[in-house]
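Spelled out from the first residue to the last, the chains are:
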Amino acid sequence: MFHTKDVRFKYTEGPSFFYPDFSCEKGESIVILGKSGVGKSTLLYILGGLLKPNHGEIWINGIDCAPLTGKKLDHFRGKHIGIVFQKSHFISSLTVEENLHFTRKLAGLTKDRKRIHTILERLAIPHKKNEFPENLSQGEQQRFSIARALVTHPQLILADEPSSALDDENCQLMIDLLKEQAEEDEASLAIVTHDYRLSHLFSNKIEL
Amino acid sequence: MNAFFISWKNIKKNRLSSSLSILLIAFGVALLSILLQFNKQFTEQFEKNQAGIDLVVGAKGSPLQLILNSMFHVDAPTGNIKIEDAAFLFNPKNPFIKASIPLSIGDSYKTFRIVGTTTTFVEWYDASIKEGRFWAKALEVVVGHAVAQELNLHIGDTFFSSHGFNEGDLAHDEGAPFRVVGILDQSGTVADKIILTSTESIWKVHESHHHDANNITAHKDDHDHHDHHSGHDHDHEYEHEIKEGAYAQSSNTTHNDSISALSEIEALLGQPEKDITSVLVKFHSDKKRAIPVINMPRNINENTPIMATAPSYELNKLLANVASVLKALSYLAIIIAVVSALSMFISLFTKLKERQYELALMRVSGGSPLLLSIYIITEALIIGFIGFVIGLFLAHIALLFLSAMLNSQFHYSLDAFRFYKEEYFLGIGTLVISLIAALIPAIKAYHTDIIKSLQ
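Small disclaimer: the values here were computed from a predicted structure and weren't measured.

J.: Got a minute to help me understand the interface of chain B and chain A in this structure?
T.: Interfaces are often described in size by the accessible area the parts lose on coming together. Between chain B and chain A, the residue contacts involve 23 residues of the former and 25 residues of the latter. Buried surface at the junction of chain B and chain A, both sides included, amounts to about 2300 Å², of which 65% is carbon and sulfur. By the criterion of area lost to chain A, the three top residues of chain B are Met1(B), Leu361(B) and Ile451(B), representing 26% of everything that side buries. Applying the counting criterion to the chain B and chain A interface returns two salt bridges. A salt bridge links Lys9(B) to Glu98(A); its shortest N-O distance comes to 2.9 Å. Along the contact surface separating chain B from chain A lie eight residue pairs in polar contact (both at pLDDT 80 or more). Elements represented by at least two residues in the side of chain B that touches chain A include exactly helix H1 (3-13), helix H13 (311-364), helix H14 (369-410) and helix H16 (450-454) of chain B. Ranked by residues supplied to the side of chain B that touches chain A, first place goes to H13(B) with six residues. Looking at side-chain class alone, the side of chain B that touches chain A contains 13 nonpolar, six polar and four charged residues.

J.: Any chance you could explain H13(B) here in plain terms?
T.: For an α-helix, the turn length of 3.6 residues means that residues three or four places apart are oriented alike. When the local axis directions of H13(B) are compared, the greatest deviation, roughly 65°, occurs at Arg355(B). Directly after H13(B), the chain includes Gly366(B), whose backbone phi takes a positive value near 110°.

J.: When you look at empty space enclosed by the protein in this model, what are you seeing that I'm missing?
T.: A probe as big as a water molecule, rolled over the atoms, marks out the empty space that is left. According to the stated counting rule, one finds four cavities of 30 Å³ or more in the structure shown. Forming the walls of the largest cavity are Arg77(A), Gly78(A), Ile81(A), Gly82(A), Ile83(A), Thr103(A), Arg148(A), Ala149(A), Thr152(A), Val364(B) and Ser365(B). Elements represented by at least two residues in the lining of the largest cavity include exactly helix H2 (70-80), strand E7 (81-84) and helix H5 (138-150) of chain A. Top contributing element to the lining of the largest cavity by residue count: E7(A), with three residues. For the lining of the largest cavity, a count of residues per class yields four nonpolar, five polar and two charged.

J.: Could you clarify how one ought to interpret helix H12 (residues 291-303) of chain B in this entry?
T.: Residue and element names in this part refer to chain B. The end-to-end C-alpha separation of H12 is 17 Å, in line with the 18 Å expected for 13 residues at 1.5 Å each. The sharpest bend along H12 measures roughly 40° and falls at Pro 297. Taken together, the buried positions of H12 are Val 293, Met 296, Pro 297 and Ile 300.

J.: Is there a simple way to think about the pattern of salt bridges in this case?
T.: Should the charged atoms of two oppositely charged side chains come close, the side chains can pair. According to the stated counting rule, one finds 21 salt bridges over all chains in the structure shown. Residue Glu140(A) pairs with Lys128(A) through a salt bridge whose shortest N-O separation is 3.7 Å. Here Lys128(A) lies in the loop between helix H4 (113-122) and H5 and Glu140(A) lies in helix H5, a separation of twelve residues in the sequence. Taking relative accessible area as the criterion, Glu140(A) reaches 17% and is therefore assigned buried. Linking Arg418(B) and Asp415(B) is a salt bridge whose minimum nitrogen-to-oxygen distance equals 3.8 Å. Through salt bridges that share partners, Arg115(A), Arg122(A), Glu184(A) and Asp185(A) make up one connected network.

About the thresholds
- Residues numbered from 1 in each chain as written.
- Chains lettered and ligands numbered in written order.
- Predicted model: local features only at pLDDT ≥ 70, side-chain atom pairs only at ≥ 80, totals over all residues.
- Heavy atoms only, no water.
- Contact = heavy atoms within 4.5 Å.
- Buried area = accessible area lost by both parts, 1.4 Å probe.
- Salt bridge = Lys/Arg side-chain N within 4 Å of Asp/Glu carboxyl O.
- Polar contact = N/O pair within 3.5 Å; in protein donor to acceptor, adjacent residues only side chain to side chain.
- Helix = DSSP H or I, 4+ residues; strand = E, 2+ residues; numbered from the N terminus.
- Nonpolar A, V, L, I, M, F, W, Y, C, P; charged D, E, K, R; others polar.
- Bend = angle between axes of the 7 residues up to and from the residue.
- 1 Å grid on protein atoms, 1.4 Å probe; cavity = no way out; pocket = protein on both sides within 12 Å on 5 of 7 lines; lining within 4 Å.
- Points joined across faces, edges and corners; volume = space filled by probe spheres on them.
- Expected span 1.5 Å × (residues − 1).
- Buried < 20%, exposed > 50% of the residue type's maximum accessible area, 1.4 Å probe, protein only.

None of this, on its own, says anything about what the molecule does.
Next comes the structure, spelled out in structure tokens:
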């Protein structure tokens, strides 16, 4: 589970953001909605350990990750947080399977073929494991992005605008997939989006 | 899945630009390595073949040509000289001259030069008889190690020489042939690549154009006999000194059944009107800097019909010329090295922009900034290393061809599989250059802004 407390952030020469406190239990999900410019992405980066808040606490799995810096933060991020980006990012010189191995390695985790196989099975792309990511279809690339976020068995899965480029049908499928995977891994899922179509799909939601 | 694996994968993915960088590095390394090998091996061969010779005396002409011909057995002789003109070089009373040996050059067998000389020649070049014995009479030859191998010559084999140094030159196929009586061991000097015989043999071959071979032998024997007992201008004291003095060392050598150096020189001096090509002279080591020794070449050149030249002086001039060419080429190699470093830098730097998502993703997944720098540096080092290995390989293959070419033309060869420690330094240099080329991209990778890159 994770919860935030009194998180504030100010850009050096830019706006300040005050975020409401919120929490999400293991295996559950939350959607963070907001229009452009309300500090949605900033919150995502703060939750993801990529930006340091000026103030406040972010508790993930019983650890306040706000004060962490340097290597400790890198490790924490790699091990406990999985991020699904809006665009599919990957190491283009490595195959799907190698990408997943490498993600685990960066997080300081041991090699785990079984985990990788299971994740690929769950996302219905096990036959693509030896392909280079750029050879996958867009849908497969999206699944692969989720696989990459899940492979380290994180406590928190963050998704950045996962549905913005999808039609209603695929939007629903994508959200179902994310929810299902988070649930199965007993991870908390936080979706940051401006897509109000998602509003009715989540019971736990906050609007910035 | 370490840095090496990830970097290698990336090199493989960017085959074209990686290959270009590798190729440029390889060319630079190859050129430098060839220059290095050339420089080292040629200097070494030059030094080995100097054999402590202080002065070369021959017919007037180009001093360098005389040295190349008499010491390195390339190029044509400058002409012939009369023994009487050079006789003073064989006078053991001369306080400066330690020893001298005559050379008669001009004939060959299957492009290997036949040199008429004395048995002392072999000592000077640190060679010795491996098989058989020295020549005891005219037309007996001792062949150098390389000659025996390449022409598959054995003791007892006979052959006719040809006039000149080329394959198709006029053959001396009248009269008796040369007979192999000895084979030298390998000395790594010019002695490996020539056929040695007595001066008399050379005269004999040339005389046989005009006489029946048997008659010549008879005539020759007569002549020798005549020399020993006739009223030739022989100084008995001189003869005694010859026995006891400078040439005595030659008779101490292992060739019991060969004619002694003493009688070889004696026989030579007995025929003052005959021709030889040149004389190699060694001075006493403690008198090399004596004024008369320093002035000797000039004195000879000014006061006699023959020419004397100091190999150290001429060879230094030649080596200085060669060195300046090598220097110019090494500048070219350095330019190639710089260009290759630059190409690697540009390739890494531009790829960095394409890879910023990947680098940011690595950071998101828990990779430290240092790790990203390590990947970039590892990639450069791998490229540098491969370039170095390919360069070295190319250089040694090129040396193999060059050696074959030199061998067929001059009977000189290069050892293509010899490695010098400078080549390892070259390897270190390549890696350092690669590291420098990767430095700025690595620093930039270190400072990858995750958020900006992922937006």
